[in-house]
Amino acid sequence: MNDFLSKHRLKELLQTNQRPCVSIYMPTHRKGDQTQQDPIRLRNLLDSAAQQLQDADLRRPLAAKILDPARRLAADPVYWQHQSDGLAALLNEDSAHIHRLPLQFEELVLVSDQFHVKPILPLFNSDGRFYILALSQNEVRLLEATKHHVDELALNDVPTSLADALWYDDRERQLQQHAGAEAGRQGGDQGVIFHGHGIGEDDHKNAILRFFQQVDRGVRAILNDESLPMVLAGVDYLQPIYHQASSYPHLMTRGVTGNPEQLSPEALHQQAWAIVQPSFQHECDKAMRRFQTASAHELGSKRIREIVPAAHAGRVETVFTAVGEQCWGDFDPSTYEVSVTASPGNGQQDLLNDIAAQTLLGDGQVYALPRQEIPDHAQAAAIFRY
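Residues numbered from 1 in each chain as written. Predicted model: local features only at pLDDT ≥ 70, side-chain atom pairs only at ≥ 80, totals over all residues. Heavy atoms only, no water.

S.K.: I keep staring at the sheet that holds strand β2 (residues 86-91) and nothing clicks. Help me out?
M.R.: Strand-to-strand pairing in sheets goes through backbone hydrogen bonds, with the strands running parallel or antiparallel. Spatially, four strands are ordered β3-β2-β1-β4 in an open sheet, and the strand pairing comes out antiparallel. Two strands close off the open sheet at either side, each with one partner strand: β3 (96-101) and β4 (108-112). Taking the axes of each pair of neighbouring strands and ignoring which way they run, one obtains an average angle of 10 degrees across the sheet. One ladder, built from six bridges, connects β2 with β3; its direction is antiparallel. Residue pairing in the sheet places L90 in a bridge with H97 of β3. (Pairing = 2+ DSSP bridges. Helix = DSSP H or I, 4+ residues; strand = E, 2+ residues; numbered from the N terminus. Axes fitted to C-alpha atoms, helices over the stretch in contact; angles between N-to-C directions.)

Below, the structure is given as structure tokens:
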């Protein structure tokens, strides 16, 4: 089970003005005895969050209100039977955003002025997400995948077979034909002539094209403004028809060929990853080379005290930031001064998260990577726009 989280939605969460923001991350288990321990772990983390809210002098009733949605889930045994690899709970007084995601999080509880999103960011970089659209005339599946995992997404308002699509078409045609007949009776020989499906190969191809256009509209509604690659899985005959119907700009030219009805999600994932992986790695490698060039022209930096104010000013085009660790400190927007401390204190935040958040809000690219993969093993490395 995977709860869809788009970059668009992530940016909306970063723009919240309601404070305090509680961010909770924990590993979860898809099956086995550990699934029974996961709700206990969440309750313990919620108790830790309650203590942090109390230390921040928040009234107990308000703290309880903020944490209540997650506490209700902790008490729901059905919810824990359908998990992914990690749970992210982003809570404040106005809203609760709880996502089951294909990432193995370390346990973390933070109370701050903004949501802590850095653990989620690997979903959006080179080991991040992509989609698989498995198409046949009898079945449509939309899968969300990372390098290591795959989950099937719910398809709402999307016809899942050619027969379903044509049923809607036929009903619309009958209504139009009825209206045309009425107009003909009232105005002479002005009735409308309709041609049925299945008369010949061209008619069948046009029917499939209309079906795929309906699928495309439904998929675009789900993905919103996502910019992640999508791999098409289907027989050779259908793939060019869907490419003709598709308005998704990141549909990959190469697809998984064969009847996807005969392939499990895991089998589709294995073949699709072989297609997208070179593209992912190419983009990350290209960004690394751009950083080296930018550094030579004083448009790149590995210094936190330079990157933080640049991110707040919208100057960061691309940033590499270390996942799984924090850099505590504070940023004063009135003076653009940055302070760095060895441990968190009252009102301080993870500056690495702040860099990532501000870069995303400025439509920059964020790569959340293990520290050893960042240039010179720095905690962050940024390319500046100017």
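S.K.: Could you clarify how one ought to interpret the nonpolar core in this entry?
M.R.: Generally speaking, nonpolar side chains in soluble globular proteins are found buried as a group. The biggest cluster of nonpolar side chains holds 54 residues, and the ones touching the most others in it are I120, L121, I304 and F320. With six residues, helix α9 (residues 351-361) is the single largest residue contributor to this core. Excluding residues within four positions of it along the chain, I120 makes contact with L5, L10, Y25, A88, L90, L101, L103 and F105. (Core = buried A, V, L, I, M, F, W, Y, C linked by side-chain atoms within 4.5 Å. Buried < 20%, exposed > 50% of the residue type's maximum accessible area, 1.4 Å probe, protein only. Contact = heavy atoms within 4.5 Å.)

S.K.: Is there a simple way to think about a negative patch on the surface in this case?
M.R.: Taken together, the side chains of D113, D330, D332 and E337 make up a negatively charged region of the molecular surface. Along the chain, the position of E337 falls in strand β13 (residues 337-340). (Patch = residues over 30% accessible without salt bridge, like charges linked within 9 Å, V, L, I, M, F, W, Y side chains within 5 Å. Areas by Shrake-Rupley, 256 points an atom, 1.4 Å probe, with all protein chains shown as cover. Salt bridge = Lys/Arg side-chain N within 4 Å of Asp/Glu carboxyl O. Lys, Arg positive; Asp, Glu negative; His and termini not counted. Charge placed at Lys NZ, Arg CZ, Asp CG, Glu CD.)

S.K.: Please explain the layout of surface pockets as it appears in this structure.
M.R.: It is the rolling of a water-molecule-sized probe over the atoms that shows where space remains empty. As a volume, the largest pocket reaches approximately 610 Å³. Together, 25 residues line the largest pocket, and L103, Q104, P119, P122 and V323 are the ones closest to its centre. Residue composition of the lining of the largest pocket, by class: eleven nonpolar, eight polar and six charged. (1 Å grid on protein atoms, 1.4 Å probe; cavity = no way out; pocket = protein on both sides within 12 Å on 5 of 7 lines; lining within 4 Å. Points joined across faces, edges and corners; volume = space filled by probe spheres on them. Nonpolar A, V, L, I, M, F, W, Y, C, P; charged D, E, K, R; others polar.)

S.K.: Sorry, what's going on with the pairing of β3 here?
M.R.: A regular strand places its side chains so that they alternate between the two faces of the sheet. With respect to burial, β3 is a largely interior element, five of its six residues being buried. In this antiparallel pair of consecutive strands, β2 and β3, the connection spans four residues.

S.K.: Mind showing me how you'd approach the packing of aromatic side chains here?
M.R.: On inspection of all chains with the given rule, the structure shows nine aromatic pairs. Between Y25 and F105, the aromatic rings sit 5.0 Å apart at their centres with planes inclined by 70 degrees, giving edge-to-face as the arrangement. Of this pair, Y25 sits in strand β1 (residues 21-27) while F105 sits in the loop between β3 and β4, and the two are 80 residues apart along the sequence. A single burial state applies to Y25 and to F105, both of which are buried. Members of the aromatic cluster, each reached through a chain of ring pairs, are F130, W273 and F280. (Phe/Tyr/Trp six-rings, centres within 6.5 Å; stacked < 30°, edge-to-face > 60°.)

S.K.: Honestly, empty space enclosed by the protein in this entry has me stumped. Any pointers?
M.R.: Evaluation of the coordinates by the stated rule reveals two cavities of 30 Å³ or more. The computed volume of the largest cavity comes to approximately 60 Å³. Contributing to the lining of the largest cavity are L110, S112, Q114, F115, H116, W328, Q349, D350 and N353. When residues of the lining of the largest cavity are traced back to their parent elements, those giving at least two are β4 and β14 (349-350). For the lining of the largest cavity, the per-class residue count stands at three nonpolar, five polar and one charged. Reported here for the second largest cavity is a volume of approximately 30 Å³. Lining the second largest cavity are K7, L121, F124, L360, Q365 and V366. Looking at the lining of the second largest cavity, its residues break down into four nonpolar, one polar and one charged.

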